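Chains, contacts and geometry: an overview
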Amino acid sequence: MPRPDDKVLARRAEIVAALRAIVPGEGTVDDEVGMRTYEMDGLTAYRQMPFVVVLPETVDQVAAVLRYCHQNGIRVVPRGAGTSLSGGALPLADAVLVSMMRFNRILDIDYDNRTVTVQPGVTNLAVTQAVSHEGFYYAPDPSSQIACSIGGNIAENSGGVHCLKYGLTTNNVLGLEVVTIEGEVLRIGGKHLDQEGYDWLAFMVGSEGLLGVVTEVTVRILRAPETARAVLVGFPKTEDAGRAVAAIIGAGIIPGGMEMMDRPAIHAAEDFVHAGYPLDVDALLIVELDGPQVEVDHLLERVEALCRDNGATHVRVSQDEEERASFWAGRKAAFPAVGRISPDYLCMDGTIPRRELPRVLKGMAELSDKHGLRVANVFHAGDGNLHPLILFDANEEGQLERAEAFGADILKLCVEVGGCLTGEHGVGVEKRDLMGEMFNEDDLKQQQRVKCAFDPNHLLNPGKVFPVLHRCAELGRIHVHRGRLPFPDIPRF
């Protein structure tokens, strides 16, 4: 992580007083007990006490805090609910941690335009709960949806069970209000479908707090489908399940959700939730079809036939809403369920082409033997977004390091087969030093030029995403070869 700025540390009392003048009372937290809550996020392997924590309630307060930090060269770490699994909200010893959880109001529900405008501290599930009585819902549904905030979803481009058919956060966000490090308030997009000019939303969604602080979000909501039914499909081998996934998508069927669990995850979830999962299989698919009833009934028959053609030995179709919900209950609770069978685990996140599922699952089993650690697999099979859970005991010397090495090998394997380092958890600090596996130096410098355009002094969430951070002046240089500028026909200002 970046070395703390001694000059900033020496001015702590002055800085805290200035921040308290902007965010008074309990809105500024500087005592050790109060700040302990914020020392880590969902990646619990790394901890760092914040320098100071502020909890603004208004856009003006956010702008004033960022403006003060910019003028005084103080680093800033934005934070939502703290459920990030990549260390994206990990504090810095010399940075002001800006918690957005007091921004927790739903501002506007517009059924005619099918949009909801919320503050970033509103939880993911709260959006659906606010509109469900009118037959609508918000599609992205991460497993942590009961706790994770919309602002955090923006930062990491979160997905969830239904992202296969309905898209990730980036496909369901229409507008943002963002405060820059200089304290300028920007409005990007709105209730309209598209905007002219550059696609600023694409920059912001998934930017991991490196470009600005989100203070308002407009999302699209969808009409709940007429019918939704799920089918549990058990396979004697994980490779068979992987082939079934490819066969379903190859047949032109796009399920509302298609999730996969291996034997360790199946047993952990069943012991925890009692969802009725078969225990004599090595892999379990949960496939949900939604839409008009006649279409759903037809597609269920096709999915069942494709699964049996690929070796399925257990097929059970939900007969009512309660049974469908019970199928998903086990999947949604898989992460805490695995926590009952291991003192610690690392939840990884990588994405691969669907056709490579059998190869990667076999490769992970081999890596498990190599590192001497168990792995439980729970993932979004339809879009190839893997979530291997590496089980270890941090109290045993060397196990955390082995778990991290195991995770790095899994991510390298994902890149090797044509995938990428993350699907929805972000890079943060967890995958930062693996960015070179996927991007070359020119790629990384180009990404950092975008960062420099928004934050030239690298004050927003430094130490995340980029393994080597270049100075903006260095990135701005133009290479002159043999006295000739590159692309001389381009006007230069």
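Refer to the structure presented above.
What counts, and where the lines are drawn
Residues numbered from 1 in each chain as written. Predicted model: local features only at pLDDT ≥ 70, side-chain atom pairs only at ≥ 80, totals over all residues. Heavy atoms only, no water. Helix = DSSP H or I, 4+ residues; strand = E, 2+ residues; numbered from the N terminus. Rg over C-alpha atoms; globule rule 2.2 N^0.38 Å. Buried < 20%, exposed > 50% of the residue type's maximum accessible area, 1.4 Å probe, protein only. Contact = heavy atoms within 4.5 Å. Areas by Shrake-Rupley, 256 points an atom, 1.4 Å probe, with all protein chains shown as cover. Pairing = 2+ DSSP bridges. Axes fitted to C-alpha atoms, helices over the stretch in contact; angles between N-to-C directions. Parallel < 35°, antiparallel > 145°, perpendicular 65-115°, else oblique. Left-handed = near helix turned anticlockwise from the far one by under 90°. Nonpolar A, V, L, I, M, F, W, Y, C, P; charged D, E, K, R; others polar. Core = buried A, V, L, I, M, F, W, Y, C linked by side-chain atoms within 4.5 Å.

**Things to note about the overall build of the protein**
Within the protein one finds 18 helices and 20 strands. Relative to a compact globule of 493 residues, whose C-alpha radius of gyration would be 23 Å, the protein shows 23 Å and is just as compact. Seen through its principal axes, the protein has C-alpha atoms that stretch 65 × 60 × 55 Å. Going through the 493 residues of the protein one by one, you find that 54% of them count as buried. For the protein, restricting intrachain contacts to residue pairs at least 6 apart in sequence, the fraction spanning at least 24 positions comes to 70%. Carbon and sulfur atoms form 50% of the exposed surface of the protein, whose accessible area is close to 21,300 Å².

**Considerations on the sheet that holds strand β6 (residues 115-118)**
On the basis of which strands lie adjacent, the open sheet formed by five strands has the order β5-β6-β10-β8-β9 and antiparallel pairing. At either end of the open sheet lies a strand with only one pairing partner, and these are β5 (106-110) and β9 (185-189). Each adjacent strand pair in this sheet contributes to an overall mean axis angle of 10°, direction not counted. As defined by bridge partners, strand β8 (residues 173-179) adjoins β9 across five bridges and the pair is classed as antiparallel. Paired with Gly175 across the bridge in β9 is Gly189. The strands that helix α4 (residues 59-71) touches are β8, β9 and β10 (213-220); relative to β8, the one it contacts most, it runs at about 55°. Together, β5, β6 and β10 form the strand contacts of helix α5 (residues 124-131), whose direction differs from that of β5 by roughly 45°.

**Digging into the packing of helix α9 (residues 238-250) against helix α14 (residues 357-371)**
As a packed pair, α9 and α14 sit with axes 8 Å apart at the nearest point and diverge in direction by 155°. Between α9 and α14, the crossing angle belongs to the class labelled roughly antiparallel. When the axes of α9 and α14 are compared, the crossing they make is right-handed. Together, Thr238, Glu239, Gly242, Arg243 and Val245 of α9 and Leu357, Pro358, Leu361 and Lys362 of α14 make up the contact between the two elements. Of the residues assigned to the contact of α9 with α14, the class counts are four nonpolar, two polar and three charged.

**A short note on the pairing of strand β12 (residues 227-235)**
Within β12, seven of the nine residues are buried, which leaves it mostly tucked inside the rest of the structure. Note that β12 and strand β14 (residues 283-291) share nine bridges and pair antiparallel. Following the sheet pairing, Leu232 is matched in β14 by Ile286. Looking at chain direction, β12 and strand β15 (residues 314-317) are connected through four bridges and run antiparallel. Residue pairing in the sheet places Val233 in a bridge with Val315 of β15.

**Some thoughts on the nonpolar core**
Residues Val127, Leu176, Val217, Phe235, Met258, Leu285 and Ile390 are the most contacted members of the largest nonpolar core, which totals 83 residues. By residue number, the principal contributor to this core is helix α15 (residues 399-416), which donates eight residues. Discounting residues that sit within four places of it in the chain, Leu176 has contacts with Ile154, Leu186, Arg187, Ile188, Leu201, Met204, Val214, Glu216 and Val217. Among the nonpolar cores identified, the runner-up in size contains 25 residues, and Val23, Phe51, Cys69 and Leu460 belong to it.

**Section: the sheet that holds strand β4 (residues 95-99)**
Strand order in the open sheet formed by four strands is β1-β2-β4-β3, and the pairing between neighbours is mixed. Of all the strands in the sheet, the pair left with one neighbour each is β1 (28-29) and β3 (75-79). Of the pairings in the sheet, the one linking β3 to β4 comprises five bridges and is parallel in character. The partner of Pro78 across the bridge, within β4, is Val98. Each of β2 (52-54), β3 and β4 is contacted by α4, which is oriented at about 170° to β4, the strand it contacts most.

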